[in-house]
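# An overview of the molecular structure
In case you want the letters, here they are:
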Amino acid sequence: MRFETRAIHAGQSPDPVTGAVVTPIYATSTYAQPAPGEHTGYEYSRTDNPTRTALQEVLAALEGVPEESGGGCVATSSGMAATALVGHLLRPGDHLVLPDDAYGGTYRFFAGVLADHGVEWTAADLTDPGSLQAALRPATRLVWVETPTNPLLRVVDLGAVVDLAHTAGAIVCVDNTFATPFLQRPLQHGADLVLHSTTKYLGGHSDTVGGALITADPALHQRLRFLQNATGPIPGPFDAYLVLRGIKTLALRMERHCANAGSVASWLEADPRVEEVAYPGLASHPQHGLAARQMTGFGGMVSFRPRGGREAARRIVAATTYFLLAESLGGVESLIEVPALMTHLSVAGTPLQVPDDLIRLSVGIEHADDLIADLDRALG
Ligand SMILES: Cc1ncc(COP(=O)(O)O)c(C=O)c1O
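Because the structure is predicted, anything quoted here is derived from the model rather than measured.

What counts, and where the lines are drawn
Residues numbered from 1 in each chain as written. Predicted model: local features only at pLDDT ≥ 70, side-chain atom pairs only at ≥ 80, totals over all residues. Heavy atoms only, no water. Helix = DSSP H or I, 4+ residues; strand = E, 2+ residues; numbered from the N terminus. Buried < 20%, exposed > 50% of the residue type's maximum accessible area, 1.4 Å probe, protein only. Pairing = 2+ DSSP bridges. Axes fitted to C-alpha atoms, helices over the stretch in contact; angles between N-to-C directions. Contact = heavy atoms within 4.5 Å. Near = heavy atom within 4 Å. Polar contact = N/O pair within 3.5 Å; in protein donor to acceptor, adjacent residues only side chain to side chain. Areas by Shrake-Rupley, 256 points an atom, 1.4 Å probe, with all protein chains shown as cover. Nonpolar A, V, L, I, M, F, W, Y, C, P; charged D, E, K, R; others polar. Phe/Tyr/Trp six-rings, centres within 6.5 Å; stacked < 30°, edge-to-face > 60°. Arc of directions from axis to C-beta.

### Focus: unusual backbone geometry
With an omega dihedral of -5°, the bond running from T147 to P148 counts as a cis peptide bond. Note on placement: P148 falls in the loop between β4 (140-146) and α6 (158-167). With an omega of 10°, the peptide bond running from N150 to P151 counts as cis. Here P151 lies in the loop between β4 and α6. Not every positive phi belongs to a glycine, and T180 is a case in point at roughly 65°. Along the chain, T180 turns up in helix α7 (residues 180-183). With phi around 80°, S328 is a residue other than glycine that occupies positive phi space. Checked against the element boundaries, S328 lands in the loop between β10 (324-325) and β11 (335-337). A relative accessible area of 28% places S328 in the partly exposed class.

Written out as structure tokens, the structure is:
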């Protein structure tokens with residue numbers, strides 16, 4: 001089955017009772033048992049719910065988990081809930097490496113929560129193997145990767161990071177939120193875990209918050225299932241349904257996101273009012289060749305710095321019409337923001353600080369001409 005077919009059919013056979021072609025929203029907390037302990041595989045919805053199972057199965061299939069591997073997916077109530085489950089794999093005295101431009105919330109969790117539980121961290125530039133090598137310690141158990149990174153859109157060589165991390169005895173978790181499995185499948189590069197904020201492209205319509213962790217390693221999968229049941233950060237069945245519904249059109253949407261982002265990035269790069277543009281699809285991007293090898297498209301996120309510094313950035317983001325000034329990304333509608341003041345406020349004053357004149361665009365699936373006209377007006 002090819003990707004587009006899996007997105008619609010994996011885990012989503014017609015309902016055996018009614019033939020319904022859409023997986024029902026199983027709004028139930030519990031399941032009747034004919035005799036104590038005799039159940040159909042479902043006993044309580046914190047442990048398992050059929051709508052969530054369908055979502056977990058399709059996500060595992062899209063990330064390329066072999067059916068016979070015993071691996072799978074654990075869907076969570078948010079991307080951060082998935083990050084927190086990964087945190088529960090670590091123990092006091094363990095050390096992890098974070099990218100030096102990780103999503104601000106990821107940094108906040110590891111530096112502001114897990115550090116209080118005795119887990120140490122080091123930030124490294126994962127585009128530079130020397131920087132990762134220098135950050136690794138005998139106690140390093142986890143290397144966290146984002147690629148493309150949020151918000152600088154740097155691209156990390158997954159195979160190279162996996163080799164270094166595994167040699168050091170650490171597992172690799174890749175936050176694949178920006179690329180989605182349509183454009184990049186980290187497990188094929190040897191990563192141990194893939195994380196998603198399903199809030200973004202997988203849900204795709206800015207109407208739900210969710211997360212997921214996917215692994216082909218059966219022991220890791222069982223441990224994550226245990227942790228999910230033990231700590232409880234599950235999505236409700238309606239949220240699982242919304243993400244399932246979004247995934248059906250993921251391939252179509254990503255094609256349009258990539259095409260529009262490419263047009264917007266090229267237009268910005270040619271405009272004298274713009275200082276610098278970061279988009280992995282531009283030949284000027286420092287890791288453009290790597291992105292072309294590792295991804296099947298360059299994604300829908302574009303970052304740029306206007307001439308005129310942070311005052312210009314503040315003015316521009318307040319002046320667009322179709323690009324809505326808002327946090328988040330990956331929905332059908334275009335969004336604009338200043339990471340230093342919004343999504344990445346929590347990294348101000350840390351090694352992960354982002355430039356205060358950087359503007360991040362989540363390029364939606366509207367017509368590219370309208371989006372470019374909107375930016376043209378706003379740049380003034
Ligand atoms: C790359 C990335 N990872 C993880 C998250 C956290 O996801 P959530 O907001 O669903 O908790 C975000 C949120 O913006 C993100 O951009």
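### What about the sheet that holds β4?
Spatial strand order, β1-β7-β6-β5-β4-β2-β3: seven strands in an open sheet with mixed pairing. Among the strands making up the open sheet, the edge pair consists of β1 (72-76) and β3 (120-124). Taken over all neighbouring pairs, the strand axes of this sheet differ in orientation by 20° on average, direction set aside. Where β1 lies against strand β7 (residues 211-215), five bridges are found, and the strand directions are antiparallel. Bridge pairing in β7 places T76 opposite G211. Of the strands in this sheet, β1 and β7 touch helix α2 (residues 50-62), which is tilted by about 130° from β1.

### A look at the site of the ligand
Every residue lining the ligand is accounted for by S78, G79, M80, Y103, N150, D175, T177, S197, T199, K200, G210 and L329. For the ligand, an oxygen atom lies 2.8 Å from a polar atom in the backbone of M80. One of the side-chain nitrogen or oxygen atoms of T199 is found 2.7 Å away from an oxygen atom of the ligand. Here the ligand loses 91% of its free accessible area of 390 Å² to cover by the protein chains. Of the residues belonging to the shell around the ligand, the class tally is three nonpolar, seven polar and two charged.

### What about the pairing of β1?
Residues in a regular strand point their side chains to alternate faces of the sheet. In terms of burial, β1 is a largely internal element, five of the five residues being buried. Residues G72, V74 and T76 point to one face of β1 and C73 and A75 to the other, with burial holding for every one of them.

### Quick word on the side chain of H285
For H285, the position within the fold is in the loop between β8 (274-278) and α11 (288-294). Separated by 2.9 Å, the side chain of H285 and the backbone nitrogen of Q287 make a polar contact. If near-sequence neighbours (up to four positions away) are discounted, H285 is found in contact with L153, R154, V155, Y279 and P280.

### With respect to the packing of aromatic side chains
Taken as a whole and judged by the stated rule, the model has seven aromatic pairs. Note on Y31 and Y42: the rings are 5.6 Å apart at their centroids and 35° apart in plane angle, and the pair reads as tilted. Pair noted here: Y31 is in the loop between α1 (3-9) and α2 and Y42 is in the loop between α1 and α2, with a separation of eleven residues, a long-range link. This pair shows no difference in class: Y31 is buried, exactly as Y42 is. Among the aromatic side chains, those forming a connected cluster through ring pairs are F109, F110 and W144.

### Details of α6
Those residues of α6 that fall on the buried side of the exposure criterion are L158, V161, V162 and A165. Looking straight down α6, one finds that the buried residues subtend no more than 100° of arc, so they occupy a single side. Exposed residues on α6 whose side chains face more than 90 degrees from its buried face are D163 and T167. The secondary structure elements touched by the buried residues of α6 are α5 (129-135), β4, β5 (171-175) and α11. Capping the start of α6, D157 holds a side-chain oxygen 3.2 Å from the backbone nitrogen of G159, two or three residues further along. Remark: G169 follows α6 within two positions and exhibits a positive phi of approximately 85°.

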